[in-house]
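Residue-level structure breakdown
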Amino acid sequence: MRWHVVESYEEMSRKAAAFFIEALQENPRLVLGLATGSTPVGTYQELIRAFREGKISFQQAFAVNLDEYAGLPPDHPQSYAYFMESELFAHVDMPSHHRHIPKGLAPDLDEECRRYEEVIADLGGVDVQLLGIGVNGHIGFNEPGTPFDARTHVVELTSSTRQANARFFDSLEEVPTHAITMGLGTIREARHILLLASGPSKREAIQALRKGEPDPQWPATCLWLHDHVDVMVDREAYGE
Ligand code: F6R
């Protein structure tokens, strides 16, 4: 695991985007594993800028997102499909049939999880997976206690995650109770992983990651079982 401690959110976003820009320039058919949440927004803005400046194209690239709320349609402003559209896809040239997000409205969610695993396999796996980290150490929606070999599955969200995400909804009651997420085993199959963390609220989770031991109570620590992980954190998240 390689650690990059940066001074600010902006620097983290620039460096994360530079990583993707180089990867896309080397391999225009890159399969990008993408995340939602506040952490990657700056990275997406930098990628949009690079696209507008003609440095990269997403025409031949593919995207698979980590997760989606169950029960929200793709045009719901809090769905992750909507987030990806407004924060990245609407501004770049990736064909719509190259973009994949679990379908939160699928009639059979378990079947949707199986289908999603097949989508990833058919693409030949994820080349670079971008991750944020929850205050409880979750990645995707893999909450503490998730087995490290879990595949894409349906999760019941913990109250801590629902409360953390309630800021985006009118009330806590409106936050969905379930979601579909790539499992920790699925995530760990990405060839390269880039985890970003910014701000003091992530410090405890980053401290747990810095211990260097896989601990199921801190799901992100499963990344110690992977050989190609870069962690980019600002000083506030890194601590002393
Ligand atoms: C988002 C995701 C989550 C977030 C995490 C951090 O697709 O899978 O694991 O990365 O909850 O969220 P932010 O970035 O909003 O702090």
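Predicted model, so just to flag it, every value in this text is computed and none were measured.

Before going further, it helps to spend a moment on the sheet that holds strand β9 (residues 192–197). In spatial order, the strands read β1-β10-β9-β6-β2-β3-β5; together these seven strands make up an open sheet with parallel pairing. Lying at the two open borders of the sheet, with one neighbouring strand each, are β1 (2–6) and β5 (99–100). Of the strands in this sheet, β3 (62–65) and β5 touch helix α4 (residues 109–122), which is tilted by about 150° from β3.

Attention shifts here to the packing of aromatic side chains. Per the stated rule, a full pass over the model turns up six aromatic pairs. When the ring of Y80 is compared with that of F141, the centres are 5.9 Å apart and the planes differ by 5°; the resulting orientation is stacked. Of the two residues, Y80 sits in helix α3 (residues 80–87) while F141 sits in the loop between β6 (128–131) and β7 (153–156), which places them 61 residues apart along the sequence. For the pair Y80 and F141, a shared accessibility class is recorded, and that class is buried. Clustering of aromatic rings is evident, with ring pairs tying together Y69, Y80, F141 and F169. Sitting above the plane of the Y238 ring, R210 keeps its charged end 3.7 Å from the centroid.

What follows concerns the packing of helix α2 (residues 41–52) against α3. With their axes 10 Å apart at the nearest point, α2 and α3 run at an angle of 40° to one another. Taken together, the axes of α2 and α3 lie oblique to each other. Along its contact with α2, which presents V41, Y44 and I48, the element α3 presents F83, M84 and E87. Looking at side-chain class alone, the contact of α2 with α3 contains five nonpolar, no polar and one charged residues.

Moving on to α2. Taking 1.5 Å of rise per residue, twelve residues should cover 16 Å, and α2 covers 17 Å from first to last C-alpha, within 8% of that figure. Those residues of α2 hidden inside the fold are in contact with α1 (9–26), β2 (31–34), α3, β6 and β9. Remark: G54 follows α2 within two positions and exhibits a positive phi of approximately 80°.

On to α4, then. End to end, α4 covers 20 Å across 14 residues, agreeing with the expected 20 Å (1.5 Å per residue, within 8%). For α4, the secondary structure elements touched by its buried residues are β3, β5, β7, β8 (178–181) and α6 (184–188). G124, located one to two residues past α4, shows a positive phi value of around 85°.

Further remarks concern the pairing of β7. The two faces of β7 differ: H153 and V155 on one face are buried, but V154 and E156 on the other face are not. As paired elements, β7 and β8 share four bridges and run antiparallel to each other. Along β8, the bridge assignment pairs E156 with H178.

Residues V64, L131, I139, L195, I206 and L223 are the most contacted members of the largest nonpolar core, which totals 33 residues. Listed by contribution, the elements that provide at least two residues to this core are β3, α4, α6, β9, α7 (203–210), β10 (229–234) and α8 (235–238). With four residues, α7 is the largest single contributor of residues to this core. If we ignore the near neighbours within four places in the chain, the residues touching I206 are W3, I133, L195, A197, V233, A237 and Y238. With 32 residues, the next largest nonpolar core counts V6, A17, L30 and F89 among its residues.

Basis of the calculations
- Residues numbered from 1 in each chain as written.
- Predicted model: local features only at pLDDT ≥ 70, side-chain atom pairs only at ≥ 80, totals over all residues.
- Heavy atoms only, no water.
- Pairing = 2+ DSSP bridges.
- Helix = DSSP H or I, 4+ residues; strand = E, 2+ residues; numbered from the N terminus.
- Contact = heavy atoms within 4.5 Å.
- Axes fitted to C-alpha atoms, helices over the stretch in contact; angles between N-to-C directions.
- Phe/Tyr/Trp six-rings, centres within 6.5 Å; stacked < 30°, edge-to-face > 60°.
- Buried < 20%, exposed > 50% of the residue type's maximum accessible area, 1.4 Å probe, protein only.
- Lys NZ or Arg CZ within 6 Å of the ring centre and 35° of its normal.
- Parallel < 35°, antiparallel > 145°, perpendicular 65-115°, else oblique.
- Nonpolar A, V, L, I, M, F, W, Y, C, P; charged D, E, K, R; others polar.
- Expected span 1.5 Å × (residues − 1).
- Core = buried A, V, L, I, M, F, W, Y, C linked by side-chain atoms within 4.5 Å.

Purely geometric stuff here, so don't read any function into it on its own.
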